[in-house]
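Residues per chain, in single letters:
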Amino acid sequence: MIFRGLSVGMMDSNCYIIGCEDTKEGVVVDPGADGKKILKKVDDLGLKITAIVLTHGHVDHIGALAEVRDATGAKVMIHAEDADQLTDAGKNLSAYVGARLSTKAADCLLQDKDEIEVGKITLEVIHTPGHTRGGISIKCAPDTLITGDTLFAGSVGRSDFPGGSHTQLISSIKNKLLKFPDETRVYPGHGPSSTIGEEKKFNPFLR
């Protein structure tokens, strides 16, 4: 599996590129900004992007969505509970930073346990609400999780935005993410990577 992370935008959001080494098909996860930077990395990796998967619909995760979609022709996928964030500047929070971002509706609305085929790789959707109603994490391999703005290294996502719930967020983490083996790598929406074991031991929000 090809797996690359890029820090993009003024909010240092993490964008991930996942590809199949055999077929060279790939997906982009959370193109938050810097579309040209993302597309250059895709080109460097020799991938054909077939899908853009969004862990949720906030502006810092969809800022370069239109640019990447238009350049690749890829299908846009987001959980059904966050679908309206793509077309509503208030719900994706861009209205609050003066951007008023609105994009086309998603091509595919995801649900918990859906599978996304990327060549010979299967990505599994894990619905982890709390930061947003439709927030998801993505199991990319038995030992690799993308957690969006649900779980960070040493912290957890904010729950004070519309649709957020701290109780639901902690439940999502404890009941769906911490069940993975301790050695599982955690790749969040912001900041450095971690492991499930490290978060169990040291994350103050999970004690």
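Here the structure is a predicted model, which means the values were calculated and not measured.

1. Some thoughts on helix α3 (residues 65-72)
Inference 1: L65, V68 and R69 are the residues of α3 that are buried. The arc that holds the buried residues of α3, viewed along the axis, is 100°, so those residues lie on one side. Every exposed residue of α3 that faces more than 90 degrees away from the buried side is listed here: D70 and A71.
Inference 2: Buried-residue contacts for α3 involve β3 (25-29), α1 (35-45), β4 (48-53), α2 (59-62) and β5 (75-79).

2. Brief notes about the pairing of β3
Inference 1: Across the five residues that make up β3, a large majority, four, are buried.
Inference 2: Taking the residues that link successive antiparallel strands as the turn, the strand β2 (residues 13-19)-β3 hairpin has five residues, and the phi of K24 there is positive, at about 65°.
Inference 3: Where β3 and β4 come together, five bridges link them in parallel fashion. When the sheet's bridge partners are listed, E25 is paired in β4 with K48.
Inference 4: In this fold, the crossover linking β3 to β4 by way of α1 has right-handed handedness.

3. Here's the deal with the pattern of salt bridges
Inference 1: Scanning all chains against the criterion turns up eight salt bridges.
Inference 2: Here D84 ties to K91 by a salt bridge, and the two come within 2.7 Å at their closest N and O atoms.
Inference 3: Exposure remark for D84: the relative accessible area of 26% places this residue in the partly exposed category.
Inference 4: Residue K176 is joined to D112 by a salt bridge in which the shortest nitrogen-to-oxygen separation is 3.9 Å. Placement of the pair is K176 in helix α4 (residues 166-177) and D112 in the loop between β6 (108-110) and β7 (115-118), with a sequence separation of 64 residues.

Calculation rules
Residues numbered from 1 in each chain as written. Predicted model: local features only at pLDDT ≥ 70, side-chain atom pairs only at ≥ 80, totals over all residues. Heavy atoms only, no water. Buried < 20%, exposed > 50% of the residue type's maximum accessible area, 1.4 Å probe, protein only. Helix = DSSP H or I, 4+ residues; strand = E, 2+ residues; numbered from the N terminus. Arc of directions from axis to C-beta. Contact = heavy atoms within 4.5 Å. Pairing = 2+ DSSP bridges. Right-handed = clockwise from strand over helix to strand, strands pointing away. Salt bridge = Lys/Arg side-chain N within 4 Å of Asp/Glu carboxyl O.

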